Amino acid sequence: MKVTERLAELKNLMQQYGIDYYYIPTNDYHGSEYVADHFKCREYISGFTGSAGNILVSGEQTGLWTDGRYFLQAREQLSGSGITLFRMGEPGVPKVFEYIAQNIRPGQCLGFDGRMVDAFYALQLKKIVESKGARLVTDYDLVGMVWTDRPPIEPKPAYRLSEQFTGVECGKKLDAVCRWLEQKHADMLVVTSLDDIAWLLNIRGEDIHCCPVVLGYLVIKPLERFLFAHKSAFSPRLRQELARDSVILREYDDIYDYLAQVKPGSRVAVDMHVANYQLVNAIPQDSKILSVVNPVKMMKAVKNPAEIAGERTAHIKDGVALVRFMYWLKQNIQKLPLTEQLVAAQLEAFRGSVGDYLGPSFDPIAAYGPHGAIVHYSATKETDARLQAEGFLLLDTGGHYLQGTTDVTRTLLLGKKATQEEKKYYTAVLCGNLRLAAAKFKKGCSGVALDILARQPLWNMGCDFNHGTGHGVGCLLNVHEGPNAIRYRIVNQPDGNVEMQPGMITSDEPGVYLEGRFGIRLENLILCVEKEKNEFGEFLGFETLTMAPFERDAIDPDQMTAEDKKLLNAYHEKVYNTISPYLDRNEAEWLMDACAPID
């Protein structure tokens, strides 16, 4: 069916069930950023394939809300669908709940699948509709009724990650959570976020594309733990290993019945911003729900020494693959008929050759020329552009290795000479990247205090980029991991503005995007480290993990300060010294030239 036909069928069902507005988020039952195919309801009903966006369907208007990363993509993919694009964060654009408050009338009904909306947001919506004399219905998965060929949930085999890579055994992590429960005077913690469960239990899987997690829920009590997951995904040996840590395996969907039988008066800790509405509703009213920030999130964000050592190793492997790819591309851009998809596949092949590689950490972004201005562009058979020996190729990719996860963006010059305009913007983005990575700051700073270092060179030129400057990164886990982040906006969430702590890994990725011309983004991963302690306090900084050269021929040295040049030269020297021993003679000679000092 076409998008217009799917929407028409959905609206017919809404009429049958007496629902005037139907809300479809990008989500699964666990609050995941990326979701398995079974949960891609928003994508199915709208045709928009971006990783972020929500839809509100009504008889009068269907709207899709998404952020600045996807404005161009959404505009193209929604063309002809009849769906209105609401550009989140733009002046005059209401948020979804504001739109509902402005439009819903007494006696009307707002509906959604209660498993697909987090409890905190659902309660906000409930309060709004009831204040307008309307009602809320959360029992119906209407998209599932339309989606007759919906992909099933297909659990993949789970596996245990050894302590060599995790650094801490599962039992000690669970003991730390139990100590937290004691401090909070709570009887249990319900964990629904898949990466937190994977980290706690030292397990990994393949239940979500590019995210090595296992579908499940985890209930932790002082003396017992229950993992609700698909039992078929767990080998007898893995079940025994979990049992040794007092983790009892139960079926995935049993979580709702289990919570419904919680003893009266129990104090149940749950992260309402992540746990779905139906799950929270299952907890009896005579129990006390403690709305908390999941403590595992911060435990996981601060990497231990084994994880840090592993990430350094993973980035060396990744750097070798990237440099070999860059050399190959420079040698073949005028010889072979290359396209966006072909070069992405070639880089994947280079990553697969360096050892311990498990797969991509997200779908690659290989965007040539004007496609680079689409922040999260994804090449398709129809859009796959042929590369020429000129202009920019923006390449944002990453990998999962046994030792850790990588995420790197380089904007490569495919010709021998950049235009002055290309140099101007490239150099500004580069200086922002270098200055943020070189930051020395007082302990207690959050990413909000540091963001200006990356944006200032662009702000000085009167331009900006419409996405965050940095996100946390997991260790053989989700490539986007909270709570650490670098952004200039203060986020109104309990853990939205946490301070940087030694051990956190965050991306450093300023960019600039000129619609119809080109895009530039330069991304390294940076590790927060201790710098010094003195009479003024404790100071922190960053260590750059990513090992790949920048594009010297796209740099305007006159636009850089002496300190900028010093930072670039020091980084390139480190890249050469670290990566060159793993290269053949021709690759090493090319890297030496790519890393040569700026005057």
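See the structure above.
In what follows, the accompanying structure is described.

Reading the values: rules and limits
- Residues numbered from 1 in each chain as written.
- Predicted model: local features only at pLDDT ≥ 70, side-chain atom pairs only at ≥ 80, totals over all residues.
- Heavy atoms only, no water.
- 1 Å grid on protein atoms, 1.4 Å probe; cavity = no way out; pocket = protein on both sides within 12 Å on 5 of 7 lines; lining within 4 Å.
- Points joined across faces, edges and corners; volume = space filled by probe spheres on them.
- Helix = DSSP H or I, 4+ residues; strand = E, 2+ residues; numbered from the N terminus.
- Nonpolar A, V, L, I, M, F, W, Y, C, P; charged D, E, K, R; others polar.
- Salt bridge = Lys/Arg side-chain N within 4 Å of Asp/Glu carboxyl O.
- Buried < 20%, exposed > 50% of the residue type's maximum accessible area, 1.4 Å probe, protein only.
- Core = buried A, V, L, I, M, F, W, Y, C linked by side-chain atoms within 4.5 Å.
- Contact = heavy atoms within 4.5 Å.
- Pairing = 2+ DSSP bridges.
- Right-handed = clockwise from strand over helix to strand, strands pointing away.
- Axes fitted to C-alpha atoms, helices over the stretch in contact; angles between N-to-C directions.
- Parallel < 35°, antiparallel > 145°, perpendicular 65-115°, else oblique.

### Points about empty space enclosed by the protein
- In the structure shown here, the tally under the stated rule is four cavities of 30 Å³ or more.
- Considered as a void within the structure, the largest cavity measures approximately 90 Å³ in volume.
- In this structure, the largest cavity is lined by 13 residues; those nearest its centre are Tyr22, Cys41, Asp113, Met116 and Asp141.
- Residue contributions to the lining of the largest cavity peak at three residues, all from strand β1 (residues 21–24).
- Grouping the amino acids of the lining of the largest cavity by side-chain chemistry returns nine nonpolar, no polar and four charged.
- Within this model, the second largest cavity holds a volume of roughly 50 Å³.
- Along the walls of the second largest cavity sit Leu322, Phe325, Met326, Leu395, Thr397, Val408, Thr409, Arg410 and Leu412, which together make up its complete lining.
- Secondary structure elements with two or more residues in the lining of the second largest cavity: α14 (305–332), β17 (392–397) and β20 (408–413).
- Among the elements that make up the lining of the second largest cavity, the one with the highest residue count is β20 (four residues).
- Residues belonging to the lining of the second largest cavity are distributed by class as follows: six nonpolar, two polar and one charged.

### With respect to the pattern of salt bridges
- Inspection of the entire model under this criterion finds 31 salt bridges.
- Between Glu589 and Arg585 there is a salt bridge, with its nearest N and O atoms 3.3 Å apart. Of this pair, Glu589 and Arg585 are both found in helix α19 (residues 585–594), four residues apart, which corresponds to roughly one turn of the helix.
- For Arg585, a relative accessible area of 68% puts it in the exposed group.
- Look at the salt bridges and you will find they share partners, linking Asp195, Asp196, Lys300, Lys303 and Glu481 into a network.

### Focus: the nonpolar core
- With 90 residues, the main nonpolar core has Leu201, Leu227 and Phe234 as its most contacted residues.
- Setting aside anything within four residues of it in sequence, one finds Leu201 in contact with Arg160, Cys170, Leu174, Leu218, Leu227, Leu242 and Val247.
- The next biggest cluster of nonpolar side chains, apart from the first, holds 72 residues, and it includes Tyr425, Cys431, Tyr513 and Cys595.

### Some words on the pairing of strand β14 (residues 288–291)
- Sheet analysis places strand β13 (residues 267–270) next to β14, joined by four bridges and oriented parallel. Counterpart to Arg267 in the pairing with β14 is Lys288.
- Handedness of the crossover is the feature at issue here: the chain leaves β13, passes through helix α12 (residues 277–282), returns alongside β14, and the resulting connection is right-handed.

### Here's the deal with the packing of helix α8 (residues 170–184) against helix α9 (residues 194–201)
- One can describe the packing of α8 onto α9 by two numbers: an axis separation of 7 Å at closest approach and a directional angle of 120°. With respect to each other, α8 and α9 are oriented oblique. Counted together, Cys170, Lys173, Leu174 and Val177 of α8 and Trp199, Leu200 and Leu201 of α9 form the full contact between these two elements.
- A per-class count over the contact of α8 with α9 returns six nonpolar, no polar and one charged.

### Overview of the environment of Asp245
- Structurally, Asp245 can be placed in the loop between α10 (236–244) and β12 (247–251).
- Considering only alpha carbons, one finds Asp245 and Gly171, 74 residues apart in sequence, at a separation of 5.5 Å.

### Here's the deal with the sheet that holds strand β4 (residues 83–87)
- Pairing is mixed across the open sheet formed by six strands, whose spatial order is β4-β3-β2-β1-β5-β6. In this open sheet, the two edge strands, each paired with only one partner strand, are β4 and β6 (135–137). Neighbour-to-neighbour, the strand axes of this sheet turn through a mean angle of 20°, independent of strand direction.
- Helix-sheet contacts for helix α1 (residues 3–16) involve β1, β2 (54–58), β3 (62–66) and β4, and the interaxial angle to β2 is about 60°.
- Of the strands in this sheet, β1, β2, β3, β4 and β5 (109–111) touch helix α4 (residues 96–103), which is tilted by about 180° from β1.

### Here's the deal with unusual backbone geometry
- Residue Pro483 follows Gly482 across a cis peptide bond; omega there is 5°.
- Secondary-structure assignment places Pro483 in strand β23 (residues 481–486).
- Positive phi outside glycine occurs at Ser246, with the angle close to 60°.
- By secondary structure assignment, the location of Ser246 is in the loop between α10 and β12.
- We note that Leu476 has phi near 50°; this positive angle belongs to a residue other than glycine.
- Among the structural elements, Leu476 can be located in the loop between β22 (470–472) and β23.
- Given the relative accessible area of 1%, Leu476 is considered buried.

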